[in-house]
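Descriptive analysis of the structure
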Amino acid sequence: MSMQEDVTNEQTFDAIVIGSGISGGWAAKELCDHGLKTLVLERGRALKHGDYPTAMKNPWDFEHRGQMPKAELDANPILRKCYAFDEGTQHHFVRDDEHPYIQEKPFDWIRGYQEGGKSLIWARQTQRWSRFEFEAPQRDGFAVPWPINYNDIAPWYSHVEKFVGISGNRDGLENLPDSESLPAFEMNCAEKHIQEKILANYKDRPVVMGRCAHLTKPNEVHLQQGRGQCQARHLCYRGCPYGGHFSSNSATLPWARKTGNMTLRPDSVVHSIIYDDKKGKATGVRVVDANTKEMKEYYAKIIFVNAATLNTNLILLNSKSERFPNGLGNDNGLLGRYITFHNYRGRVYATLDGLEDQYYSGRRPTMVIMPSFRNVKKQEMKFKRGYLVAYTVDRAGWNRGSEKIGPELKNDMMKPGSWNVFMMMQGESIPKFENHVRLSPDQKDKWGIPQLITSVAYDENDDMLVQDFHEQATEMLEKAGCTNIFKEDTKQAPGLDIHEMGGVRMGSDPKTSLLNKWNQLHSCKNVFVTDGACMTSTGTQNPSLTFMAITARAASFAADEVKNGNLS
Ligand SMILES: Cc1cc2nc3c(=O)[nH]c(=O)nc-3n(C[C@H](O)[C@H](O)[C@H](O)COP(=O)(O)OP(=O)(O)OC[C@H]3O[C@@H](n4cnc5c(N)ncnc54)[C@H](O)[C@@H]3O)c2cc1C
Ligand code: SF4
C-alpha cells in the first residue's frame, strides 16, 4: 500500500538512486550531470570526504597497535576473515551482530554501510573486460548470452576511466584491453625477474602491472574534483585524505552535489519499491529511518537500484504488489537465482634467492597480473572458463623474527630478509540456478525487513580451477628459479572474495533474464539495476570498473528517456 495522497515537493524527484557506493555514486553523478533532480538514499551514516579519523595515525597511536582485540574478533566471526578489517578500518565495515542473515550454505557477506559504501574499503584493482568475457556464455554454453558486447561498453569504460583516474600501462593485450591510463606503478627487480622468466617460457602468458584507481599523475578533471596525487602509503582502507584513490566520497558524490541537483539522505533504509498496478510502473520507494524506524515514501520517474548485489536482490524480492507477488520484475521466478562470485581459493607462496643487494621504496597499492590464459578464445580445458593470476614479491621485514639474541639479533634485523613470493588466483565461477538468495519467511531485521537467506556454494568446476592454478603457478615459479614452493587451498566460503554478482541478470529474453540491454527490468521499464546484481557472468577481472561503466551507460540512456518523455 502506498501513502501517496499527501505527497510534498520534498518527497518528489526526477530520479531516485538506492545506495551511494561505487555504482550508486556513478548513477548519481550521471543523472545530476544530465539535469535530473536526484535523490540518493543511503542506509548508512553521512560520511563526507576527509572525515577519516584514522587516516594519519601511526601504528603506536592505536590502542591495540592496529590489531583487533580478541573480544571484537569473537563478536565478528565473518567480518574477521576479511583481510582489510583492523583497528584502523573497522568503522567502515558492517558488524556481523548488527546485520544478521541466514547462511543455508556458508557465505561470508562483507558489507560497508555508509555514505560511499564499499568505495572506501575496496582494493581499487580495475581491469577492463575484453570481448571474450562478453562472448563466453553463448560460446561456451553456460548462462544466457549477454545482451551487450565489448563495443557497447568500450566508450563507457573510457568515460569512467578518465574521471576515476586509472594507473596502468598500455599493454596492447587482446584479452585485457587498455584503459585510458595514468602512469603505471613499477615492478620491483624480483617481480621483473619472474616476469622475464614467464615471458621466456610461455607465449600466451603476458605479465603486466596491475591497473588500479590511483592518481599517479592527476589530470585537470581530478584536480577539479579536489583530489591529489597518490603518495603510495597504502593506508587506503582508512579513507584517503588526499583523494589519491577513487571513492564515491572523493569523486562522484561531491561532483553530483556541485550540480545542485543531488539530495543525499543518509540513515535511510530502503524497504521496497512501490509499484502502482494502475499506472503499470514503479512510482517510488518506501524508506525506514535507520534511527527512528519511521516509514516514509519518496517518489520519482525512474529508480536506480545500486544497493550492492545481495541487497539489491533483497529489495527487489521484498517489493511485492498484486502484479508482482514474488518480487518486482520476477515474472519468470529467476529473481535471486544465478548468484555467482570469484574463486579466490588458490594461493602459492615461494622464495626467490639472489638479488640480495637490491631493494624497493614505497608501498605500492597494486599487484603484478597475468590475464586469464585458459579457454580464452575457445573451450580447450576440461573445466569451463579460467582465472587471472596476480603476484607480488616483497622482502621480509624486521618483524620476521630471528633465533639470535642481543647485538646479533639487532644486526640481523637491520638487514632486509629474503624475497618472498605471493601468487593468487581470481577464478570465474559459473552461474548456476541452485546458487540463490531468498527472503526468510519469518525472520526480520531491526527495521522490519525480512532477513536474507544465502544458498551459494562451489562446484566441481571451481575445484578444477584451483587444481589447475596450483599446477601452473608451481610450474611458472619453478621456471623462475623459486624454491620453497607451498600451495594453499584456503577453502574459504564464497562471499569472502567480495565480488558477489548476479540474481537480476541481463539478457535479451524475458523468460530467462530480468534486465534488458539498458539494465531496465523487462517488465518494469522505469526501474534500472546497474550494480553487480545485473551481471550475467563474472569474467576473471575485478568487477567494479565494469559496474561503473554499465551504470554510466544506463544512466545516460535513462536521462534521455526521461527528457524524451518515454519514462515520465
Ligand atoms: C576489502 C575489499 C576489497 C575489494 N577490492 C576490489 C577491487 O580491487 N576491485 C574491484 O573491482 N572491487 C573490489 N571490491 C568490491 C567492491 O567494493 C564492490 O564491487 C563495489 O563496492 C560494489 O559497488 P556497489 O555500488 O554495488 O556497492 P557498494 O559500494 O557496497 O554500495 C552499496 C551501498 O548501498 C547501501 N545500501 C544497501 N542496502 C541499502 C538499502 N536497503 N537502502 C539504502 N541503501 C542501501 C550501502 O550502505 C552502500 O553504501 C572489494 C571490496 C572489499 C570490501
Ligand atoms: S596509497 Fe595513495 S590512495 Fe592510498 S592512502 Fe596513500 S595516498 Fe591515499
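This is a predicted model, so every value here is computed, not measured.

Moving on, we get to the overall build of the chain. Each helix and strand counted, the chain has 11 helices and 22 strands in total. Computed over the C-alpha atoms, the radius of gyration of the chain is 24 Å, within 12% of the 24 Å expected from 2.2 N^0.38 for a compact globule of 568 residues. C-alpha atoms of the chain, sized along the principal axes, occupy 80 × 55 × 50 Å. Within the span of the chain, comprising 568 residues, buried residues form 60% of the whole. Contacts in the chain between residues far apart in sequence, at least 24 positions, make up 72% of those at least 6 positions apart. Here the chain contributes 70 positive and 70 negative side-chain charges, whose respective centroids are spaced 2 Å apart.

Further remarks concern the pairing of strand β1 (residues 12-18). The buried fraction of β1 amounts to 6 of the 7 residues, a majority that puts the element mostly inside the structure. Examined bridge by bridge, β1 and strand β2 (residues 38-41) share 4 bridges and lie parallel to one another. Residue A15 lies in a different strand from β2, and its bridge partner there is T38. For the crossover from β1 across helix α1 (residues 22-33) to β2, the handedness is right-handed.

On inspection of all chains with the given rule, the structure shows 21 aromatic pairs. Here W26 and F163 contribute two aromatic rings whose centre-to-centre distance is 5.4 Å and whose plane-to-plane angle is 75 degrees, an arrangement assigned as edge-to-face. One end of the pair, W26, is in helix α1; the other, F163, is in helix α4 (residues 150-164), with 137 residues separating them in the sequence. Of the two residues examined, W26 and F163, each falls in the buried class. On the numbers, 4.5 Å between centres and 15 degrees between planes, the contact of Y359 with Y360 is stacked. The exposed category is assigned to Y359, whose relative accessible area is 52%. Y360 sits in the partly exposed class, given a relative accessible area of 23%. Three or more aromatic residues link up through ring pairs in this structure, and these residues are W26, F163 and W255.

As for its placement among the helices and strands, H34 is situated in the loop between α1 and β2. Overall, the relative accessible area of 22% leaves H34 in the partly exposed class. Sequence separation between H34 and A555 is 521 residues; the distance between their C-alpha atoms is 9.0 Å. In contact with H34, other than residues within four places in its own chain, are S556, A559, D560 and K563. At 2.8 Å, the side chain of H34 forms a polar contact with the backbone oxygen of E30.

What follows deals with the site of ligand 2. For ligand 2, the full set of nearby residues is H214, C230, Q231, A232, R233, H234, L235, C236, C240, Y242, G244 and H245. In terms of residue class, the shell around ligand 2 is built from 6 nonpolar, 5 polar and 1 charged.

The next thing to look at is the nonpolar core. Grouped together as the largest cluster of nonpolar side chains are 90 residues, with contacts concentrated most on I18, I273 and V285. With 7 residues, the top contributor of residues to this core is α4. Excluding residues that lie within four positions of it along the chain, I273 makes contacts with I18, A282, G284, V285, R286, I303, V305, I315, L316, S319, L328 and V527. In this structure, L352, Y387, W419 and M476 belong to the second largest nonpolar core, which totals 34 residues.

Around ligand 1 lies a shell of 38 residues, among which S23, E42, A123, V270 and S544 are the nearest. Between a nitrogen atom of ligand 1 and a main-chain N or O atom of A123, the distance comes to 2.8 Å. In this structure, R124 approaches ligand 1 through a main-chain N or O atom, which is 3.2 Å from an oxygen atom. In isolation ligand 1 exposes 990 Å². Once the protein is present, 97% of that is buried.

The subject of this paragraph is the pattern of salt bridges. Applying the stated criterion to the full structure yields 31 salt bridges. Residue D140 is joined to R139 by a salt bridge in which the shortest nitrogen-to-oxygen separation is 2.8 Å. What you see here is one network of salt bridges that share partners, running through E72, R95, D97 and E98.

Moving on, we come to the environment of A28. Summarising the element assignment, A28 is placed in helix α1. Separated by 453 residues in sequence, A28 and G481 have C-alpha atoms that sit 50 Å apart. Not counting chain neighbours up to four residues away, the residues in contact with A28 comprise V17, V40, L253, A256 and M262.

Time to look at helix α5 (residues 189-201). Side chains that are three or four residues apart share a direction in an α-helix, a result of its 3.6 residues per turn. Between its terminal C-alpha atoms α5 stretches 19 Å, which fits the 18 Å expected from 13 residues at 1.5 Å a residue. All of the buried residues in α5 are C189, A190, E191, I194, Q195 and I198. Of the surrounding secondary structure, the elements contacted by the buried residues of α5 are β13 (346-352), β14 (368-370), β15 (387-395), β16 (419-428), α10 (460-479) and β19 (482-489).

Looking now at the side chain of Q11. On the secondary structure map, Q11 appears in the segment before β1. A polar atom in the side chain of Q11 sits 2.8 Å from the backbone oxygen of E297.

Let us look at the environment of P100. Along the chain, P100 falls in the loop between α2 (70-75) and β3 (102-103). It is 26 Å that separates the C-alpha atoms of P100 and G25, two residues lying 75 residues apart in sequence.

Turning our eyes to something else, we now look at the packing of α1 against α4. Taken N-terminus to C-terminus, the directions of α1 and α4 make an angle of 100 degrees; their axes are 13 Å apart at the nearest point. As far as their axial angle goes, α4 and α1 are roughly perpendicular. Touching W26, K29 and E30 of α1 are W156, H159, V160, F163 and V164, all from α4.

Here the focus is the pairing of strand β17 (residues 436-444). Here β17 runs beside strand β18 (residues 450-455); their pairing, made up of 5 bridges, is antiparallel. Considered in β18, the bridge of L439 is made with L452. Count of turn residues in the β17/β18 antiparallel hairpin: 5 residues, of which G448 carries a positive phi of about 80 degrees.

Parameters and conventions
Residues numbered from 1 in each chain as written. Chains lettered and ligands numbered in written order. Predicted model: local features only at pLDDT ≥ 70, side-chain atom pairs only at ≥ 80, totals over all residues. Heavy atoms only, no water. Helix = DSSP H or I, 4+ residues; strand = E, 2+ residues; numbered from the N terminus. Rg over C-alpha atoms; globule rule 2.2 N^0.38 Å. Buried < 20%, exposed > 50% of the residue type's maximum accessible area, 1.4 Å probe, protein only. Contact = heavy atoms within 4.5 Å. Lys, Arg positive; Asp, Glu negative; His and termini not counted. Charge placed at Lys NZ, Arg CZ, Asp CG, Glu CD. Pairing = 2+ DSSP bridges. Right-handed = clockwise from strand over helix to strand, strands pointing away. Phe/Tyr/Trp six-rings, centres within 6.5 Å; stacked < 30°, edge-to-face > 60°. Polar contact = N/O pair within 3.5 Å; in protein donor to acceptor, adjacent residues only side chain to side chain. Near = heavy atom within 4 Å. Nonpolar A, V, L, I, M, F, W, Y, C, P; charged D, E, K, R; others polar. Core = buried A, V, L, I, M, F, W, Y, C linked by side-chain atoms within 4.5 Å. Areas by Shrake-Rupley, 256 points an atom, 1.4 Å probe, with all protein chains shown as cover. Salt bridge = Lys/Arg side-chain N within 4 Å of Asp/Glu carboxyl O. Expected span 1.5 Å × (residues − 1). Axes fitted to C-alpha atoms, helices over the stretch in contact; angles between N-to-C directions. Parallel < 35°, antiparallel > 145°, perpendicular 65-115°, else oblique.

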